[in-house]
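A structural walkthrough
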Amino acid sequence: MKEYLAKDIMIRDVYTIKVGSKVALARLKMMRHGVGGLPVVDDTGTLLGMITQRDIDLAGSDVSHLPVEDLMTTKLFKGNERTTLKEIVDLMVKTGIQRFPIVNDESKLLGLVTQTSVIKHALAYNLF
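Values in this document were obtained by computation on a predicted structure and should not be read as measured data. Just so you know, the residues in each chain are numbered from 1, in the order the chain's sequence is written. Reporting of local features is limited, given that this is a predicted model, to residues whose pLDDT is at least 70; pairs of side-chain atoms are given and counted only at 80 or more, and all residues count toward the totals for whole chains, interfaces and linings. To obtain the side-chain values, all non-hydrogen atoms of the structure were included, while hydrogens and water were left out.

Details of the pairing of strand β2 (residues 37–41)
Every regular strand shows the same layout, with side chains that alternate between the two sheet faces. Within β2, five of the five residues are buried, which leaves the element mostly enclosed by the surrounding structure. Along β2, one buried face is formed by G37, P39 and V41 and the opposite face, lined by L38 and V40, is buried too. Of the pairings in the sheet, the one linking β2 to strand β3 (residues 47–52) comprises five bridges and is antiparallel in character. Within the sheet, the bridge partner assigned to L38 lies in β3 and is I51. Under the scheme applied here, a residue whose accessible area is under 20% of the maximum for its type counts as buried, over 50% as exposed, and between as partly exposed, the area being computed with a 1.4 Å probe on protein chains only. In this text, helices come from DSSP runs of H or I with a minimum length of four residues, and strands from runs of E with a minimum of two, each type numbered from the N-terminal end. Only strands joined by at least two bridges in the DSSP assignment are considered to pair.

Have a look at this one:
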C-alpha cells in the first residue's frame, strides 16, 4: 500500500489570521468560512500559533477586543510535507488535536491537515 504524505492530503489554501488582529476578527473569519480554528501568522507567513473557537469560548465573555496572541496556542504539533499520514493520524488520536500545520524549514505555513481532510482522503482512496 502506498504511504501517503502530508503533501498529498493537506489543505493548501488555508484561512489564516495575522498576529495583532483582534479576537473579534478571528471569530468572524471562522464563522464566515465555516472553520473551527485559524493558524496565526506574521507578515512573512511564519506560523506563530493557532487560535480556535474553543480557545475563545473557554476565555469567557468580552474577549473580542484582545489580540489573538493573548488566546492562541503556541506549543503546536506540526510537520513538514514529508510527514506521513500514519504519523499525523497517530498524533491526532493520542493528543486529540484536530488541526496539524505543515510548515517548511523556516516555519512558513504551507498547509493544514485536519481531521476532516484525513477522513475525506481515507474515503477517496478506500483506506477503510
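On we go from here.
Details of the packing of helix α4 (residues 85–95) against helix α5 (residues 115–124)
The axes used here are C-alpha line fits, helices contributing only the stretch in contact, and every angle between their N-to-C directions lies in the interval 0 to 180 degrees. For the pair α4 and α5, the least separation of the axes is 11 Å and the interaxial angle reads 130 degrees. Between α4 and α5, the angle is such that the two are oblique. Between α4 and α5 lies a crossing whose hand is left-handed. Contacts between α4 and α5 involve L85, V89 and M92 from the former and Q115, V118 and H121 from the latter. To sort the angles, those under 35 degrees are grouped as roughly parallel, those over 145 as roughly antiparallel, those from 65 to 115 as roughly perpendicular, and the leftovers as oblique. Crossing handedness follows the turn of the near helix against the far one: under a right angle anticlockwise gives a left-handed crossing, and clockwise gives a right-handed one. The contact definition used throughout considers only heavy atoms, calling two residues in contact when any of these lie within 4.5 Å.

Interpretation in functional terms is not warranted from these geometric data alone.
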